[in-house]
Amino acid sequence: MFEALHRIRLLYVVLAVLLLVGLLPLALAGTLLSRRSADELRATEGRYQAQLVRDKARQIELYGQRYRDVVSGVARAFEIAGGIRLLTDAGYDARLQRTLLDDPNLIALAICPVKGEVHRAFQPDLIKREEVDQRVGDVLARMSGRGVIIGRPQIIRSGQEMALTIAAPVMNGNEIVAAVVAIVSFQEVFKAVQQASSKSARELLEAGLPVVFVVDQNGKAVAHPDAAIAFSERPMTDLKVVQDWLETGAQVQSALAPFTLDREGRATPMLGSYATVELDKNTLLGVIAIQDEAAALASVAEMRTQTLFISLLAAALALLIGFYFAEKLTRPVRELAAGAQRIAGGDFSQRVKILGRTELGDLGASFNQMTDRIESFIGDLQRSADENHELFIGTVKALAAAIDGKDPYTRGHSERVSRFSVAVALGLGLPENEIEQIRISALLHDVGKISIDDRVLKKPAALTDDEFEIMKTHPQKGYKIMSQIPAMRDFLPGMYMHHEMINGEGYPQRLKGDEIPIQARIVSVADTFDAMTTERPYQRAMDLEAALTRLKSFVGTRYDARVVAAFIAACEAGKIRPGVTRVNRKQSDRRSNPLPALPGSPTPDSVLAVS
């Protein structure tokens, strides 16, 4: 026993000597080399970043100067022509409008006499007349003498585009007789900061690339690779590099400003730089570049990894040569390690092969026995998971059927809506897990109706206003029921928001456009289609063509264009067929005597709103 312990201690001594001689010099050299490379690469990245923001700043200044010259040139032309008498020409407004067609960056152009009518031309798809007049009024209020005035970039709310306002006076001696005002698109600046890349700002940072954006004198973003940040005029003053630029202003044209950024709860060293754009003496913009230092220096980290790998390889070779006779001892251990890795990866098809009467042989047999039991246990778990999933789906279907069964006229409604929704989701190419979420949320979209009074729910005639308001509460009731179950979280959008409209006039939250989850947009169309193509006591079922025409008429107001297009494509491919529910109208007439509806007549909007 003591002899064995002595041999083990000697083994460790030899191992330590071999590692010290073979590994330490290599590791030390690699560390020093990688540190020097990191310093040089950091300096190179800093110079590149500083040059980048200077180039972008110069590009923006040239863009501003270009349209500054355009506006000044028009003003000087009026001065040379002797004033603004030409404005009395009846065809002048038409020529002014044609001027915009020659330059797509000109959003609006206005000639504003001190006395007389303002002449304006603008692109109506990008800006409304009221916004043109507001911007013209703002810039004219700042005009007091000769000299071009440039306003800060501002978002055009009606067209969702950033634009500059540039104004130049028309002088008659020392008197201002008119002003030329241009509203110029800032889209070229957006293209400049996007650097011909389709990646988002987050992806650029993770790839180690610089993110370039532009801020105004208040630190608000006016151009950004993620346009939504600029359009929301989000303050960027939480970044220290922006704070540094605001403090220096026009005193420093460009500078490096490394800083630390809190990303996902951890402090991340960042490379930062800024440059100043001077559109005029009162309008300064800051071009800011930030870059994840660790990602930018990824090549150094890779070199360190390679150095470590080479060092370990050298150590392994030294150990192999020095401990040739220990191979028989380490081989069973490696076999066990490989077996453990296969088990960790879910592969139970192989068993370790360790022969012998030693403790290692017993360990190998125990390991194989453990593998057999784990494989059996995981198989049981998988079967149980499959059974639970089927039980869950069955329960959801049963619940949907119970809800639909409260009203004989909607029997099978939820199941059909689910099938229609899945067909649309497949047509849109959504991921498999999202399609499954849509299927279940469609099955449960009317779960809130379980809380609606039967007098309202089963009423065989059109609802009164008060009854309609009661019926409109079923999404909130369904959400309240299902939100208590954590496993239902992924299915809530389809249940809660399937009555929202693209134009924001739906309920319960009055969401609009992309604010409505795709899950809810799909279920909304499928729900309405089934309501239109199944008979109710107060309506006749519409045929397929009439129903699809009705759906198309609501594109852009109620429904998403892409979803409706996918729905129609599924119908044309035969994947969607109208429901077949029929109503005994004689019985219905005896119950309520509703007014008869002509075949193919449009489904009332109230039906679409609560179906």
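Below, the discussion takes up the packing of aromatic side chains. On inspection of all chains with the given rule, the structure shows seven aromatic pairs. For the ring pair phenylalanine 190 and phenylalanine 231, a centre distance of 5.7 Å and an interplane angle of 40 degrees mean the geometry is tilted. Taken together, the residues phenylalanine 190 in helix α5 (residues 187-194) and phenylalanine 231 in helix α7 (residues 227-231) connect sequence positions 41 residues apart. Judged on exposure class, the residue phenylalanine 190 and its partner phenylalanine 231 are both buried. Here the aromatic cluster, defined as three or more aromatic residues joined through ring pairs, consists of Phe420, Phe529 and Phe567. Lysine 472 extends its terminal NZ or CZ atom over the ring of tyrosine 507, reaching a point 5.0 Å from the ring centre.

This part covers α5. All of the buried residues along α5 are Val189, Phe190, Ala192 and Val193. All buried residues of α5 fall inside an arc of 160 degrees around its axis, so they share one side.

The subject of this paragraph is helix α20 (residues 544-553). Turning to α20, its buried residues number three or more, namely Ala547, Leu548, Arg550 and Leu551. Buried residues along α20 cover an arc of 155 degrees about the axis, so they all sit on one side. For α20, exposure combined with an orientation more than 90 degrees from the buried face picks out Glu545 and Lys552.

For the rest of this paragraph, the subject is the confidence of the model for the chain. Note: predicted coordinates in regions of low pLDDT should not be interpreted at a detailed level. Overall, the predicted model of the chain reaches an average pLDDT of 78, with 76% of residues at or above 70. In this model residues 1-11 is a low-confidence stretch, pLDDT under 50, and it forms one contact with partners more than four residues away in sequence or in other chains. Of the regions scoring below 50 in pLDDT, residues 580-601 engages in 36 contacts with residues more than four places distant in sequence or in other chains.

Attention now moves to the packing of helix α19 (residues 518-533) against helix α21 (residues 561-572). When two helices pack together, you describe them by how their axes are tilted relative to each other and by the distance separating the axes. Interaxial distance between α19 and α21 falls to 10 Å at its minimum, and their mutual angle equals 50 degrees. Comparing their axes, α21 and α19 come out oblique. Every pair of crossing elements has a handedness; the one defined by α19 and α21 is right-handed. Only Val563, Val564 and Phe567 of α21 make contact with α19, whose side of the interface consists of Ile518, Arg521, Ile522, Val525, Ala526 and Phe529. Its residues assigned to classes, the contact of α19 with α21 comprises eight nonpolar, no polar and one charged.

All right, on to the pattern of salt bridges then. Summed over the entire model, instances satisfying the criterion amount to 16 salt bridges. A salt bridge links aspartate 133 to arginine 129; the nearest nitrogen and oxygen atoms lie 3.9 Å apart. Within this pair, aspartate 133 and its partner arginine 129 are both found in helix α4 (residues 129-140), separated by four residues, close to a single helical turn. Aspartate 133 gets classed as partly exposed once you look at its relative accessible area, which sits at 32%. Between aspartate 453 and arginine 455 there is a salt bridge, with the nearest N and O atoms lying 3.1 Å from each other. By relative accessible area, which is 36% here, aspartate 453 ends up partly exposed. Overlapping salt bridges, with partners in common, bring together Arg152, Arg157, Asp216 and Glu233 in one network.

Here we take up a nonpolar patch on the surface. A cluster of nonpolar residues, Phe309, Ile310, Leu313 and Leu317, forms a patch on the protein surface that exposes about 410 Å² of accessible area. Under the relative-accessibility criterion, leucine 317 is labelled partly exposed at 46%.

Further remarks concern the nonpolar core. The biggest cluster of nonpolar side chains holds 45 residues, and the ones touching the most others in it are Met162, Val180, Phe186, Val214 and Val287. In terms of residue count, helix α2 (residues 24-80) provides more of this core than any other element does, nine residues in total. Judged by nonpolar contacts, the second largest core, of 32 residues, contains Ile438, Ala442, Ile518 and Ile568.

Each value, and the rule that gives it
- Residues numbered from 1 in each chain as written.
- Predicted model: local features only at pLDDT ≥ 70, side-chain atom pairs only at ≥ 80, totals over all residues.
- Heavy atoms only, no water.
- Phe/Tyr/Trp six-rings, centres within 6.5 Å; stacked < 30°, edge-to-face > 60°.
- Helix = DSSP H or I, 4+ residues; strand = E, 2+ residues; numbered from the N terminus.
- Buried < 20%, exposed > 50% of the residue type's maximum accessible area, 1.4 Å probe, protein only.
- Lys NZ or Arg CZ within 6 Å of the ring centre and 35° of its normal.
- Arc of directions from axis to C-beta.
- pLDDT = per-residue confidence, 0-100.
- Contact = heavy atoms within 4.5 Å.
- Axes fitted to C-alpha atoms, helices over the stretch in contact; angles between N-to-C directions.
- Parallel < 35°, antiparallel > 145°, perpendicular 65-115°, else oblique.
- Left-handed = near helix turned anticlockwise from the far one by under 90°.
- Nonpolar A, V, L, I, M, F, W, Y, C, P; charged D, E, K, R; others polar.
- Salt bridge = Lys/Arg side-chain N within 4 Å of Asp/Glu carboxyl O.
- Patch = residues over 30% accessible without salt bridge, like charges linked within 9 Å, V, L, I, M, F, W, Y side chains within 5 Å.
- Areas by Shrake-Rupley, 256 points an atom, 1.4 Å probe, with all protein chains shown as cover.
- Core = buried A, V, L, I, M, F, W, Y, C linked by side-chain atoms within 4.5 Å.

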